[in-house]
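# Overview (structure and organization)
Next come the chains, spelled out residue by residue.
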Amino acid sequence: MTCSPLRGPGGPGIGRRRLLGAGAGLGLGAALTACGQTTGAVSQPGGSVPDAYRGRTRVVLWSTFADPVGPALQKLVDAFNREQRDIYVEVQFQGTYDECAQKAVISLLGAQAPDLCVLSDVKWYKFYFGDALEPWDDYFKPGELKATYNEKLLSEGVLQGKTWWLPLARSTPLFYYNKTLFKKAGVPVRAPESYDELYDWSHRITRQTINGKKVALEAYQKVDGDWQFQCSAWQWGGAYSKGLDVTIDEGGAVAAAEYQRKLIFKDRIAYMATEPTADMGNQLIATLVTSTGGLKKISEQAKANGWQLGTGFLPKHKKFAVNTGGGGLGMFRRTPRERKEAAAEFVRFLARPENSAQWTVETGYLPVVPAAVKEPVLAKLMKDDPNFTTAVKQLEFTRKGDQVRMMIPNANVRIYIALQRIWSGNTPAQQAFAEVADQLRKGVDRYGPMIKEHL
């Protein structure tokens, strides 16, 4: 493969070693752009078709899903491989969203690529801006995608009239709460309507102990906590950005972070955690704002530890606000046509209502296919366990994240590192956010022209 040198504004070309380094960090979009016009088909990652499926077209799917989501995906893959005779899908786990995206960049630069790749709501933009993605539209009948997927979720993968990213493991933040602890505290056993109401309740909730340990009100996620905090910034009347204008160091975003800093260091009823869902399961915290994708796991933990789980819409402050997130499927431009068509057949299989319903039941992710909610297996679950209906109802009120977090390479990492300084180091929010805002504005200066060209 030949790859033209990547040049910065007025700067010299960079070599392959620095290019790969860029792919793993801030320059992901630029690294892809360097090879965006490279011609020729890419090869597949290593592997083979088992003898039982010999002669089929092999489709490699790079996945980011560990337990319990990974087995749920594999179950669907196995069913697809059994029901037809032309295609064999092989799942290859690649780690987290960030790790998978980094590996995909390096793989593409080496003229190799999976046929399907799970990309997060943040990462898919980088491949799109690097001209590395293939639009899905030509692989489906006119109107088929709109007739199949939730309109709001589908639209998030559409730019310049083409569909580049298809919904799969989509989610929103939910408010999880321990009904048992709420009842024992003598507060209303429901999700609070506002953060002021939750704070009023917190004094009674956090007087309790479980196994000799004091119950905290909530915990903030150490890595990727910027996704949940996006909602808080909006709720306090702020934002990470307005378009590509950085505003994280202004008004509501700063006020929201100061509220959380107060809970941690003054009230001492909150903290930063590496695995807050595990802490929720063990009743170390009474409430948690985290993904719908954690619903099945937290539900199982609640049953195992003898307490009752509740979910609700996020509390509001100045206003109600909630964002979308999670992963979808991308297909790379230089993959041979035959493999793209085979990959599309598997995606069509995943989008059958019965399969979409099974996926939601086994993972807790949103039913990205509206017809799935009428399938008996999901309809029964939603009737028996109202927690599984919360995200579906809340979806109507969601919106995608601010552009700077979504589109500037590495912005999400920079933001959650700033939040870590606030949550663990007691750094004033204005100071932490002023520093990250400066970094983000430099990113806008560097990548803004490329982004605007593709919007």
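Refer to the structure above for everything that follows.
This report concerns the structure included in the present document. (Residues numbered from 1 in each chain as written. Predicted model: local features only at pLDDT ≥ 70, side-chain atom pairs only at ≥ 80, totals over all residues. Heavy atoms only, no water.)

Below, the discussion takes up helix H3 (residues 69-83). Relative to the 21 Å expected for 15 residues at 1.5 Å per residue, H3 spans 22 Å between its end C-alpha atoms, a close match to the ideal helical length. The set of residues buried in H3 consists of Val69, Gly70, Ala72, Leu73, Leu76, Val77, Phe80 and Asn81. Looking at the buried residues of H3, the elements they touch are strand E3 (57-63), strand E4 (87-93), helix H14 (337-350) and helix H15 (353-363). (Helix = DSSP H or I, 4+ residues; strand = E, 2+ residues; numbered from the N terminus. Expected span 1.5 Å × (residues − 1). Buried < 20%, exposed > 50% of the residue type's maximum accessible area, 1.4 Å probe, protein only. Contact = heavy atoms within 4.5 Å.)

Scanning all chains against the criterion turns up 27 aromatic pairs. The side chain of Arg399 reaches across the aromatic face of Trp234, ending 3.6 Å from its centre. (Phe/Tyr/Trp six-rings, centres within 6.5 Å; stacked < 30°, edge-to-face > 60°. Lys NZ or Arg CZ within 6 Å of the ring centre and 35° of its normal.)

So, about the packing of helix H10 (residues 225-235) against helix H19 (residues 411-425). With their axes 8 Å apart at the nearest point, H10 and H19 run at an angle of 80° to one another. Classified by the angle between their axes, H10 and H19 sit roughly perpendicular to one another. Residues Gly225, Asp226 and Phe229 of H10 touch H19, and the partners they reach there are Asn412, Ile415, Tyr416, Leu419 and Trp423. Residue composition of the contact of H10 with H19, by class: five nonpolar, two polar and one charged. (Axes fitted to C-alpha atoms, helices over the stretch in contact; angles between N-to-C directions. Parallel < 35°, antiparallel > 145°, perpendicular 65-115°, else oblique. Nonpolar A, V, L, I, M, F, W, Y, C, P; charged D, E, K, R; others polar.)

The element strand E18 (residues 325-330) is extensively covered by neighbouring structure, given that six of its six residues are classed as buried. Burial along E18 is two-sided: Gly325, Gly327 and Leu329 and Gly326, Gly328 and Gly330, pointing in opposite directions, are all buried. As paired strands, strand E8 (residues 166-171) and E18 are joined by five bridges and run antiparallel to one another. Looking at the pairing, Ser171 lines up with Gly325 of E18. (Pairing = 2+ DSSP bridges.)

On to the sheet that holds strand E9 (residues 173-178). Across the sheet, which stays open at both edges, the three strands sit in the order E16-E9-E17 with antiparallel pairing between neighbours. Looking along the sheet, the strands with just one partner apiece sit at the ends: strand E16 (287-291) and strand E17 (309-312). Here the strands of the sheet are splayed against their neighbours by 30° on average, with no regard to which way each runs. Relative to E16, E9 runs antiparallel, the two being bridged by five bridges.

Looking at where Phe65 falls in the secondary structure, it is placed in the loop between E3 and H3. The class of Phe65 is buried, set by a relative accessible area of 7%. On a C-alpha basis, the gap between Phe65 and Val413 in space is 20 Å, while along the polypeptide they are 348 residues apart. Aside from chain neighbours lying at most four places away, what touches Phe65 is Gly70, Leu73, Phe93, Tyr97, Val118, Leu168, Ala169, Trp359 and Tyr365.

Formed by 81 residues in total, the largest nonpolar core has its most connected members in Trp124, Phe127, Ile248 and Phe433. Counting residues per element, this core draws most heavily on helix H20 (residues 429-454), at ten residues. Setting aside residues no more than four positions away along its own chain, Phe433 makes contact with Phe229, Ile248, Asp249, Ala253, Val254, Ala257, Ala418, Leu419 and Ile422. (Core = buried A, V, L, I, M, F, W, Y, C linked by side-chain atoms within 4.5 Å.)

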